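# Examination of the molecular architecture
Listed below, chain by chain, are the residues.
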Amino acid sequence: MTTNSQAGKRKPGTPGAFSRWMQRKMNARMNRKIRRGHGQFMGMDVLILNTVGRRSGQPRQSPLAWFPDGDDARLVVASGGGSQNPDWHANLMAHPGEVSIELPGTDATPVVPQQLEGTDREQAWQRIAAAQPRIAKYQSKSDRQYPVIRLTSR
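Just so you know, these numbers come straight off a predicted model, no measurement behind them.

A few words now on the pairing of strand S5 (residues 73–77). A large share of S5 lies buried, amounting to five of its five residues. Burial along S5 is two-sided: the residues Ala 73, Leu 75 and Val 77 and Arg 74 and Val 76 are all buried. Taken together, the two bridges between strand S4 (residues 67–68) and S5 define a ladder with antiparallel strand orientation. By the bridge assignment, Phe 67 is partnered in S5 with Leu 75. As paired elements, S5 and strand S8 (residues 148–153) share five bridges and run antiparallel to each other. When the sheet's bridge partners are listed, Val 76 is paired in S8 with Ile 149.

In a regular helix each residue adds 1.5 Å, so 14 residues correspond to 20 Å; helix H4 (residues 118–131) covers 20 Å between its end C-alpha atoms and thus fits that length. Those residues of H4 not exposed but buried are Arg 121, Ala 124, Trp 125, Ile 128 and Ala 129. What you see down the axis of H4 is that its buried residues fit within an arc of 135 degrees, all on one side. Across from the buried face of H4, at angles greater than 90 degrees, the exposed residues are Thr 119 and Ala 130.

Right, let's get into a positive patch on the surface. Together, Arg 20, Arg 24, Lys 25, Arg 29, Arg 32 and Arg 36 line one region of the surface with positive charge. A residue is classified by how much of its surface remains accessible, and Arg 36, at 55% relative accessible area, is exposed.

What follows concerns the confidence of the model for the chain. Residue-level pLDDT values for the chain average 90, and 90% of them are 70 or greater. Throughout residues 1–6 the model reports pLDDT below 50, and contacts reaching past four residues in sequence, or to other chains, amount to two contacts.

In this section: unusual backbone geometry. Of note in the backbone geometry, Met 42 takes a positive phi value of approximately 50 degrees without being a glycine. By the secondary structure assignment, Met 42 is in the loop between strand S1 (40–41) and strand S2 (44–52). Overall, the relative accessible area of 47% leaves Met 42 in the partly exposed class.

Take the pattern of salt bridges next. Using the criterion set out here, one finds three salt bridges in the structure. The salt bridge partner of Arg 35 is Glu 102, with a shortest N-O separation of 2.9 Å. Taken together, the positions of Arg 35 in helix H2 (residues 17–35) and Glu 102 in strand S6 (residues 100–102) put the pair 67 residues apart, joining distant regions of the chain. Here Arg 35 falls in the partly exposed class, since its relative accessible area comes to 42%. A salt bridge links Asp 69 to Arg 150; its shortest N-O distance comes to 2.5 Å. Note that Asp 69 is positioned in the loop between S4 and S5 and Arg 150 in strand S8, a separation of 81 residues in sequence. As far as burial versus exposure is concerned, Asp 69 and Arg 150 are alike and both buried. One continuous salt-bridge network, built from bridges that share partners, spans Asp 69, Arg 127 and Arg 150.

As a further point, take the side chain of Thr 51. Relative to the assigned elements, Thr 51 resides in strand S2. The class of Thr 51 is buried, set by a relative accessible area of 3%. Residues contacting Thr 51, with those up to four places away along its chain left out, are Gln 58, Pro 59, Arg 60, Trp 88, Asn 91, Leu 92 and Glu 98.

Each pair of aromatic rings is reported with the distance of its centres and the angle of its planes. In this structure the tally under the stated criterion is one aromatic pair. We note Arg 74 situated over the ring of Trp 66; from NZ or CZ to the ring centre the distance is 5.1 Å.

Cut-offs applied
- Residues numbered from 1 in each chain as written.
- Predicted model: local features only at pLDDT ≥ 70, side-chain atom pairs only at ≥ 80, totals over all residues.
- Heavy atoms only, no water.
- Buried < 20%, exposed > 50% of the residue type's maximum accessible area, 1.4 Å probe, protein only.
- Helix = DSSP H or I, 4+ residues; strand = E, 2+ residues; numbered from the N terminus.
- Pairing = 2+ DSSP bridges.
- Expected span 1.5 Å × (residues − 1).
- Arc of directions from axis to C-beta.
- Patch = residues over 30% accessible without salt bridge, like charges linked within 9 Å, V, L, I, M, F, W, Y side chains within 5 Å.
- Areas by Shrake-Rupley, 256 points an atom, 1.4 Å probe, with all protein chains shown as cover.
- Salt bridge = Lys/Arg side-chain N within 4 Å of Asp/Glu carboxyl O.
- Lys, Arg positive; Asp, Glu negative; His and termini not counted.
- Charge placed at Lys NZ, Arg CZ, Asp CG, Glu CD.
- pLDDT = per-residue confidence, 0-100.
- Contact = heavy atoms within 4.5 Å.
- Phe/Tyr/Trp six-rings, centres within 6.5 Å; stacked < 30°, edge-to-face > 60°.
- Lys NZ or Arg CZ within 6 Å of the ring centre and 35° of its normal.

This is the structure we're talking about:
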């Protein structure tokens, strides 16, 4: 006999149904704010990352903190606050040619994503951690290395 607690088990570090529902509501609210021209959250600049669902093929929008990287590029961190990368990261990697961003109050701009590795990642990470020590604190509590993605305008 299967109990409800056994049937409802999920992998450790993954959010439950209520957490996912709350996240969707908060993301939708943040996306509305960004589209109205308000692009700050907890002292960080925020954009909307538009991707395509890797399994569903449906459009997805994720509000993310971003950090400048030259004139036409931005850095984002796939933290997700858990033991695995956030869904937007998998969507981005599955469909890199279908990615765009929306900065506060602007239309979507196509971008080319590049996951940074080695020295490039380390240098970018140092700039991000200096700008937002909170992110470095989250990273120090995780057993995985957060991917850093450069989004360059096409």
